[in-house]
Amino acid sequence: MRTFSVRKQQSFITGFIVHRFTFGAISDARFTLTDGLLVEERSPSNDHIFLSPNRVFALCLAMRMANSLLVQTYFNPDEHWQAPEVAHHIIFGSYLHPMLFALLCKVLCLLGLDTPWFMSIVSAICAFYLYKLSIAVFVSSNKRKQALILAALSCAIRPTSAITWLYVGLIELFITQDRLKFVLLEVAPIRILVLGLTCVLDRVMYGPWILVPLNFLKFNFLSSGGDYYGIHTWHWYFTLGFPVMLFTFLPFSVVGIILSRQWKLFGLIARNAITGQNLTRLLLYRFVLPVLPIALMFSGYTIAALPNSPDSLDRKRNRFPGSYLKFFLKRRFAVFLLVTNLPMALYVSLVHQRGSEDVMKYLSQEALINGKVESVLFLMPCHSTPHYSILHQNLPMRFLDCTPSEDRETLDESGRCMIEPIGFATELAKNWTSSPSHIVLFDSEERLLREFLNSHYYIEIRRFFHAHFEVDRHLQASVVVYNLTSRDGSF
């Protein structure tokens, strides 16, 4: 089942949808800026265009379908290993999250719909509701239906969502009139019900009673277990995290925050960054991804605040060339965002780090059609490729272990192999009952292990381009596949 990472292409697509169809599609109407809200001056000529949900969803669907076909690269292990891989063979964490994917995978398998096309529909629905959220915030507000249920489910599936929903809940608590009723009759029953259901599900699947949110809290915050995966400086979100995610949308988001005066919504962005810094030193892009659409909404607001055409200007009050300059700037800003984001979107979606995906597709094809793959060993950093979710074959596959150890000085298999690949591979080969038919590794390790591979009768059969640039280790330019041969060199 194909997965999609949240990367610059999706940032561009989501931002474009917010700009053009959250605000661009409604900019055929006239608006005035009143207390930070875009207030429409309705006229019969634009009723058929204004906020057409079908039109917006159609574009969302078209963009996401294009997205599903364009993304051919590997962004981060989490896009595979925290959902589809776990659903394929459940091994870690609360069962609620992987069970959602496992159920979806099974239904799609039975219906023959496990293709990028179907997942693009799911993504389009998400983009469409981002549009509806934008309208609720900037054009008409005061909607709070089913939010508590969604918040409880979100926190059960992803405990880090509590950072977002706690802020929203505290604001709601502050502005509501009957606070005791809100807490006791609305928040508490829903939270207890969802928590109880997840505990029962984990009890059925694990055996013993397990409170997953408590384990999550212990590992990531109380014991600093998250530090095992790397740490960043305290200002990382502000100096690198948000600027990289928003890129050229950043100045438009800042202006939109100021123009709209939606300080509570802006507080949600600031709280995610500040809370993330104070609770753990493991700072990741995905921790603040929930507020990325909100930041893009603010950038869309900036574009929408500019006039759509000279005719939309009140000529009695706007006689100066500066008023017309705003109209031309609107179009130039749109072109600027397109030019600065589209090339990067195409590069990271079609080129950068594609070897991890290509090698698994190749192995899957070789196993299914030619029956040449019997077992696979990955001599590369753990989780560098997808696994059974792409292979779709019941074959033995072994990747290097990187389970966190209580002893911080103890290196895992992945660390030992990266430090001393020859010694590690030699020791590993001593325990083989049968040699794997295929070995997969990056070219950076292959150069060091070539003699070892040749001495164990492995020869190179395929090489896949991976990256032009170094990511978080030394340059991994290609992914190489070695095949076991007999002593005379035949397969």
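Residues numbered from 1 in each chain as written. Predicted model: local features only at pLDDT ≥ 70, side-chain atom pairs only at ≥ 80, totals over all residues. Heavy atoms only, no water.

It is worth spelling out a nonpolar patch on the surface at this point. A contiguous nonpolar surface patch, about 450 Å² in accessible area, is contributed by Val335, Leu338, Val339, Leu342, Leu346 and Leu350. Note on placement: Leu342 falls in helix H15 (residues 321-350). Given a relative accessible area of 32%, Leu342 falls into the partly exposed group. (Patch = residues over 30% accessible without salt bridge, like charges linked within 9 Å, V, L, I, M, F, W, Y side chains within 5 Å. Areas by Shrake-Rupley, 256 points an atom, 1.4 Å probe, with all protein chains shown as cover. Salt bridge = Lys/Arg side-chain N within 4 Å of Asp/Glu carboxyl O. Helix = DSSP H or I, 4+ residues; strand = E, 2+ residues; numbered from the N terminus. Buried < 20%, exposed > 50% of the residue type's maximum accessible area, 1.4 Å probe, protein only.)

Moving on: the packing of aromatic side chains. Any pair of aromatic rings gets described here by the distance separating the centres and the angle formed by the planes. Within this structure, the stated rule accounts for four aromatic pairs. Ring centres of Tyr347 and Phe469 lie 6.3 Å apart, and the angle between their planes is 65°; this geometry places the pair in the edge-to-face category. Taken together, the positions of Tyr347 in helix H15 and Phe469 in the loop between strand S6 (458-465) and strand S7 (478-484) put the pair 122 residues apart, joining distant regions of the chain. Taken together, the ring pairs connect Phe252, Phe333 and Phe336 into an aromatic cluster. (Phe/Tyr/Trp six-rings, centres within 6.5 Å; stacked < 30°, edge-to-face > 60°.)

Below, the discussion takes up the state of the cysteines. Summed over all chains, the structure comprises one disulfide. What pairs with Cys382 in a disulfide is Cys402, and their sulfur atoms sit 2.1 Å apart. Residues Cys382 and Cys402 are joined by a disulfide whose S-S torsion is about 95°; by sign, that bridge is right-handed. Placement of the pair is Cys382 in the loop between strand S3 (376-378) and helix H17 (388-391) and Cys402 in the loop between strand S4 (397-399) and helix H18 (413-419), with a sequence separation of 20 residues. Residues Cys382 and Cys402 agree in their burial class; the two are buried. (Disulfide = S-S within 2.5 Å.)

What follows deals with the nonpolar core. Counting 24 residues, the largest nonpolar core has Phe242 and Ile269 as the members making the most contacts within it. At the level of secondary structure, the elements contributing two or more residues to this core comprise helix H11 (236-246), helix H12 (250-260), helix H13 (263-279) and helix H14 (292-305). When residues in this core are grouped by element, the largest group, seven residues, is from H14. Every residue in contact with Ile269, bar those within four places of it in the chain, is listed here: Phe242, Val291, Ile294, Ala295 and Phe298. Judged by nonpolar contacts, the second largest core, of 18 residues, contains Met360, Met380, Phe464 and Val481. (Core = buried A, V, L, I, M, F, W, Y, C linked by side-chain atoms within 4.5 Å. Contact = heavy atoms within 4.5 Å.)

Our next topic: the confidence of the model for the protein. Residues at a pLDDT of 70 or more form 70% of the protein, whose mean pLDDT is 75. Every residue in residues 1-33 is under pLDDT 50, and counting partners more than four places away or in other chains gives 126 contacts. Counting interchain partners and residues more than four positions distant, the pLDDT-below-50 stretch residues 315-321 has five contacts. (pLDDT = per-residue confidence, 0-100.)

Another point: the pattern of salt bridges. Pairing between side chains of opposite charge can happen when their charged atoms approach one another. Within this structure, the stated rule accounts for seven salt bridges. Among the ionic pairs, Arg463 bridges to Glu446, the shortest N-O distance being 3.0 Å. Highlighted residues: Arg463 in strand S6 and Glu446 in helix H20 (residues 443-455), separated in sequence by 17 residues. Look at Arg463 and you get partly exposed, because its relative accessible area is 36%. Through salt bridges with shared partners, a single network forms among Glu446, Arg450, Glu460 and Arg463.

Let us now look at the packing of H12 against H14. Here H12 crosses H14 at 75°, and the two axes come no closer than 7 Å. As judged from the angle between their axes, H12 and H14 are roughly perpendicular. When H12 is examined against H14, the residues Phe252, Ser253, Val255, Gly256, Ile257, Leu259 and Ser260 are found in contact with a partner set consisting of Ala295, Leu296, Phe298, Ser299, Tyr301, Thr302, Ile303 and Ala305. Of the residues belonging to the contact of H12 with H14, the class tally is 10 nonpolar, five polar and no charged. (Axes fitted to C-alpha atoms, helices over the stretch in contact; angles between N-to-C directions. Parallel < 35°, antiparallel > 145°, perpendicular 65-115°, else oblique. Nonpolar A, V, L, I, M, F, W, Y, C, P; charged D, E, K, R; others polar.)

Let's shift gears to the packing of helix H8 (residues 162-175) against helix H9 (residues 179-206). As a packed pair, H8 and H9 sit with axes 8 Å apart at the nearest point and diverge in direction by 135°. Here H9 runs oblique to H8, going by the angle between their axes. Mapping the contact onto sequence places Gly169, Glu172, Leu173 and Phe174 in H8 and Arg179, Phe182 and Val183 in H9. Split by residue class, the contact of H8 with H9 holds four nonpolar, one polar and two charged.

To continue, consider the environment of His466. If you trace the backbone, His466 turns up in the loop between S6 and S7. Relative accessible area serves as the criterion here: at 3%, His466 is assigned to the buried category. Along the primary structure His466 and Gly355 are separated by 111 residues, whereas in three dimensions their C-alpha atoms are 4.1 Å apart. Not counting the four nearest positions on each side in its chain, His466 is found in contact with Val351, His352, Gln353, Arg354, Gly355, Ser356, Phe442, Gln476, Ala477, Ser478 and Val479.

Turning our attention to H9. The end-to-end C-alpha distance of H9 is 38 Å, a good match for the 40 Å that 28 residues give at a rise of 1.5 Å each. At Val187, H9 shows its largest bend, some 35°, and a proline, Pro189, comes one to four positions later. Of the positions making up H9, those classed as buried are Phe182, Val194, Thr198, Cys199 and Asp202. (Expected span 1.5 Å × (residues − 1). Bend = angle between axes of the 7 residues up to and from the residue.)

Moving on, we come to the sheet that holds S6. With mixed pairing, the five strands of this open sheet are ordered in space as S4-S3-S5-S7-S6. In the strand order of this sheet, the two ends are held by S4 and S6, each with one partner. Adjacent strand axes in the sheet meet at a mean angle of 20° when their direction is disregarded. Sheet analysis places strand S5 (residues 438-442) next to S7, joined by five bridges and oriented antiparallel. Bridged to Leu441 within S7 is Val480. The strands touched by helix H16 (residues 355-370) within the sheet are S3, S4, S5, S6 and S7, with S6 carrying the most contacts at an inclination of about 130°. (Pairing = 2+ DSSP bridges.)

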